[in-house]
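So the chains spell out like this:
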Amino acid sequence: MHRRQFTRLLGAGAAVTAAPAIIRPARAQEPLKVGFIYLGPVGDFGWTYQHDIARKACEAKFGGKIKTTYVENVPEGPDSEKVLNDLANQGHKLVFATSFGYMNYVLNSAKKHPKVFYEHATGYKRAANVATYNIRFYQGRYVQGVIAGKLSKAGIAGYVGSIPVPEVVQGMNAFMLGMRSVNPKAVLKFVMINSWYDPPKEGDAAKALMDQGCDIITQHTDSPAPLQAAAARGIKAFGQSTDMAKFAEGTQLSASTDVWAPYYIKRIQAVMDGTWKSTDTWGGFAEGMLQMSPFTNMPDDVAKLAGATVEDIKSGKNKVFVGPISDQAGAVKVPAGTVMDDAALGSMQWLVQGIDGKLT
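A quick note: this is a predicted structure, and the numbers were derived from the prediction, not measured. Note that residues are indexed from 1 along each chain, following the sequence as it is written. With the structure being a predicted model, the display of local features is reserved for residues of pLDDT at least 70 and the display and counting of side-chain atom pairs for 80 or more, all residues being used for whole-chain, interface and lining totals. Each side-chain value is derived from all of the structure's non-hydrogen atoms; neither hydrogens nor water enter the calculation.

Student: Can you help me understand the overall build of the protein in this one?
Tutor: Only DSSP runs of H or I covering at least 4 residues are called helices, and only runs of E covering at least 2 are called strands; the numbering of each starts at the N terminus. Of the regular secondary structure elements, the protein holds 12 helices and 15 strands. In terms of overall dimensions, the protein has a C-alpha envelope of 85 × 40 × 40 Å along the principal axes. Out of the 360 residues belonging to the protein, those deemed buried represent 52%. Intrachain contacts of the protein at a sequence separation of at least 6 include 66% that bridge at least 24 residues. The protein chains shown are the only cover counted for residues, whose accessible areas, like all others here, come from Shrake-Rupley with a 1.4 Å probe. In the structure as shown, the protein presents an accessible area of about 16000 Å², 53% of it carried by carbon and sulfur atoms. Note on charges: Lys and Arg go in the positive column, Asp and Glu in the negative column, and His and the chain ends are not counted at all. Where a charge lies is defined by one atom per residue type: Lys uses NZ, Arg uses CZ, Asp uses CG and Glu uses CD. Taking the average location of the 39 positive side-chain charges in the protein and that of its 31 negative ones, the two points are 8 Å from each other. Note on exposure labels: buried denotes an accessible area under 20% of the residue type's maximum, exposed denotes more than 50%, and partly exposed covers the range between, all computed with a 1.4 Å probe on protein chains only. Here a residue-residue contact requires only that any non-hydrogen atoms of the pair lie within 4.5 Å.

Student: Explain the sheet that holds strand E2 (residues 66-71) here, please?
Tutor: By definition, the strands of a sheet pair up through backbone hydrogen bonds, in either a parallel or an antiparallel sense. The sheet built from six strands is open, its strands ordered E2-E1-E3-E4-E5-E11 with parallel pairing. This sheet does not close on itself; its edge strands, each paired only once, are E2 and strand E11 (280-283). On average, each strand axis in the sheet is tilted by 15° relative to the strand beside it, whichever way the strands run. Across the face of the sheet, helix H3 (residues 47-62) comes into contact with strand E1 (32-37), E2 and strand E5 (130-135) while running at roughly 165° to E2. Strands are treated as partners if at least two bridges between them are detected by DSSP. Whenever a helix is involved, its axis is fitted only over the stretch in contact; in every case the axis is a line through C-alpha atoms, and angles between N-to-C directions fall within 0 to 180 degrees.

Student: Looking at this model, I keep getting lost on helix H4 (residues 78-89). Mind explaining?
Tutor: What sets the pattern is the α-helix's 3.6 residues per turn: residues three or four places apart point alike. The end-to-end C-alpha distance of H4 is 17 Å, a good match for the 16 Å that 12 residues give at a rise of 1.5 Å each. All buried positions along H4 are accounted for by Ser-80, Glu-81, Val-83, Leu-84, Asn-85, Leu-87 and Ala-88. Gly-91, located one to two residues past H4, shows a positive phi value of around 95°. How far a helix is expected to stretch is found by multiplying one less than its residue total by 1.5 Å.

Student: Would you mind showing me how to read the packing of helix H8 (residues 199-211) against helix H9 (residues 225-232) here?
Tutor: Helix-helix packing is characterised by the crossing angle of the two axes and by the distance between the axes. At a closest axis distance of 7 Å, the pairing of H8 and H9 adopts a crossing angle of 40°. In this view, H8 runs oblique relative to H9, as classed from their interaxial angle. Pair H8 / H9 crosses with right-handed handedness. Counted together, Pro-199, Glu-202, Gly-203, Ala-206, Lys-207 and Met-210 of H8 and Ala-225, Pro-226, Ala-229 and Ala-230 of H9 form the full contact between these two elements. Per-class residue counts for the contact of H8 with H9 are seven nonpolar, one polar and two charged. Roughly parallel covers angles under 35 degrees, roughly antiparallel covers those over 145, roughly perpendicular covers 65 to 115, and oblique covers all other angles. Two helices that cross are described as forming a left-handed crossing if the nearer one is turned anticlockwise from the farther one by less than a right angle, and a right-handed crossing if clockwise. In the scheme used here, Gly and all other residues not listed as nonpolar or charged are polar, with Ala, Val, Leu, Ile, Met, Phe, Trp, Tyr, Cys and Pro taken as nonpolar and Asp, Glu, Lys and Arg as charged.

Printed below as a string of structure tokens:
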């Protein structure tokens, strides 16, 4: 019932005590509709799985005040814009788009639906009704690299990459910097599968890396396939996005775990309060958006070092990308004493010394 109608009823002599009985049910019947679009299936046990855990946490937090919808297996292309528009047309007032490749389609949909609020994960383009949010995944990669540098007997680790966007490049570089912080001669090999989620390709890439002598495996892809391939050969590895230990109890070392729920809850509350604004959020260990799963299958001293590294990054003592840092050709990219800023990190398309392979 609109305010104008309510005033008209009062003017017509309607009992004041009757008005709350009319209005109260109408409010109760209108939960905030929140939509999520996912690149992969909720059962990928990685990236999408972790976002969906956060969606369920929102439902638990708000109960009947919200109604959530998710659409899985949405490709990063024109079809995603159709899904975004459909959610808006169905009355969703807040939509979370959870993959980088949705970026331009989010902006297009936002223009068509200016009263809908959009949140784009890992993107960098914003609008009045489009916010962006991301996790400093590279912080976890650095910790993984420190562990790998301590444990790799060959001094060679393997990295299953997805698509060579800056987020993935940051991760490889941070892993290498962490590894070389304890083993200056360490080498990192990688394979790009040109997909975020493709279990057969992910597993094959891990096998190819192990065939090249890599005795530690990590990944920036969404399924547990690389971890499982490594476990089949008794090779230790890291999980991705969520704790994947159940797939490799005897070989998973840890996993960089994404923590989305507090952010989602905060943004849903902002819509409810009428305080939502377009913002750009990039959080890591310090903000609680990134955690490491338990350090297992390693000596106590290595686990202790890994924990201390997390604390140093969290406190700001270790800023990860601190010069001097040189690229593969030996050219200094970050001078001594200089810390790379977020703009440079967000456009990173070069590899540090010690990484074997080319991005293109």
